[in-house]
Amino acid sequence: MEFEEYLKGKKIDSDAFQKADHGRYAEWEDIFKTMHPESFTAQKKFLINNIRRRYHLNDQAISS
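Residues numbered from 1 in each chain as written. Predicted model: local features only at pLDDT ≥ 70, side-chain atom pairs only at ≥ 80, totals over all residues. Heavy atoms only, no water.

Engineer: What is the right way to read the overall build of the protein from this model?
Structural biologist: Along the protein, the regular secondary structure elements total 5 helices and 0 strands. Counting from the amino terminus, helix and strand elements in the protein follow one another as α-α-α-α-α. A compact globule built from 64 residues should have a C-alpha radius of gyration of about 11 Å, and the protein, at 11 Å, falls within 12% of that. Along the first, second and third principal axes, the C-alpha atoms of the protein reach 30 × 20 × 20 Å. Split into buried and exposed, the 64 residues of the protein put 25% on the buried side. Nonlocal contacts in the protein, meaning residues at least 24 apart in sequence, comprise 63% of its contacts between residues at least 6 apart. (Helix = DSSP H or I, 4+ residues; strand = E, 2+ residues; numbered from the N terminus. Rg over C-alpha atoms; globule rule 2.2 N^0.38 Å. Buried < 20%, exposed > 50% of the residue type's maximum accessible area, 1.4 Å probe, protein only. Contact = heavy atoms within 4.5 Å.)

Next up, the structure:
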């Protein structure tokens, strides 16, 4: 699974996240490459919720 697919599954707009917080996006992408998606979710659970609120992916983008 690619990091962008993962973010889409978590309803996070990867483009907006990358543009607004490039440092954190790059850090998370590197970490994501080294572990299973479920482990990544467990490690970043509370942070993911905050990022989702900031860079929420609209419903139209999810279905396409």
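Picking up after the structure, the text goes on.
Engineer: I tried to follow helix α3 (residues 22-33) on my own but got confused; where do I start?
Structural biologist: Spacing of three or four residues puts side chains on the same side of an α-helix, whose turn is 3.6 residues. Between its first and last C-alpha, α3 extends 17 Å over 12 residues, near the 16 Å set by a 1.5 Å rise per residue. Taken residue by residue, α3 has Tyr25, Trp28 and Phe32 as its buried positions. Down the axis, α3 shows its buried residues gathered within 70° of arc, on one side only. Structurally, α3 contributes buried residues whose contacts are with α1 (3-9), α2 (14-20) and α4 (37-54). (Expected span 1.5 Å × (residues − 1). Arc of directions from axis to C-beta.)

Engineer: What's the story with the environment of Pro37 in this structure? I'm lost.
Structural biologist: Position of Pro37 relative to the elements: it lies in helix α4. Once the C-alpha coordinates of Pro37 and Glu2 are considered, the two residues, 35 residues apart in sequence, prove to be 9.5 Å apart. Among residues more than four places away in sequence, those in contact with Pro37 are Met1, Tyr6 and Phe32.

Engineer: I'm lost on the packing of α3 against α4 in this one. Help?
Structural biologist: A packed helix pair is summarised by two numbers, namely the angle formed by the two axes and the spacing between the axes. Where α3 contacts α4, the axes come no closer than 11 Å and their chain directions differ by 160°. For the element pair α3 / α4, the angle class is roughly antiparallel. In this structure, the crossing between α3 and α4 has a hand that is left-handed. Contact residues: α3 offers Arg24, Trp28, Ile31 and Phe32, while α4 offers Pro37, Phe40, Gln43, Lys44, Leu47, Ile48, Ile51 and Arg54. Looking at the contact of α3 with α4 residue by residue, the classes come out as 8 nonpolar, 1 polar and 3 charged. (Axes fitted to C-alpha atoms, helices over the stretch in contact; angles between N-to-C directions. Parallel < 35°, antiparallel > 145°, perpendicular 65-115°, else oblique. Left-handed = near helix turned anticlockwise from the far one by under 90°. Nonpolar A, V, L, I, M, F, W, Y, C, P; charged D, E, K, R; others polar.)

Engineer: Quick question: what am I supposed to make of the nonpolar core here?
Structural biologist: Side chains of nonpolar character tend, in soluble globular proteins, to be buried together. Core analysis: the largest hydrophobic core is formed by 12 residues, namely Phe3, Tyr6, Leu7, Ile12, Phe17, Tyr25, Trp28, Phe32, Phe40, Ile48, Ile51 and Tyr55. Going through the elements one at a time, α1, α3 and α4 are the ones with two or more residues in this core. Sequence-distant contacts of Phe3, defined by excluding residues within four places in its chain, comprise Tyr25, Trp28, Glu29, Phe32 and Phe40. (Core = buried A, V, L, I, M, F, W, Y, C linked by side-chain atoms within 4.5 Å.)

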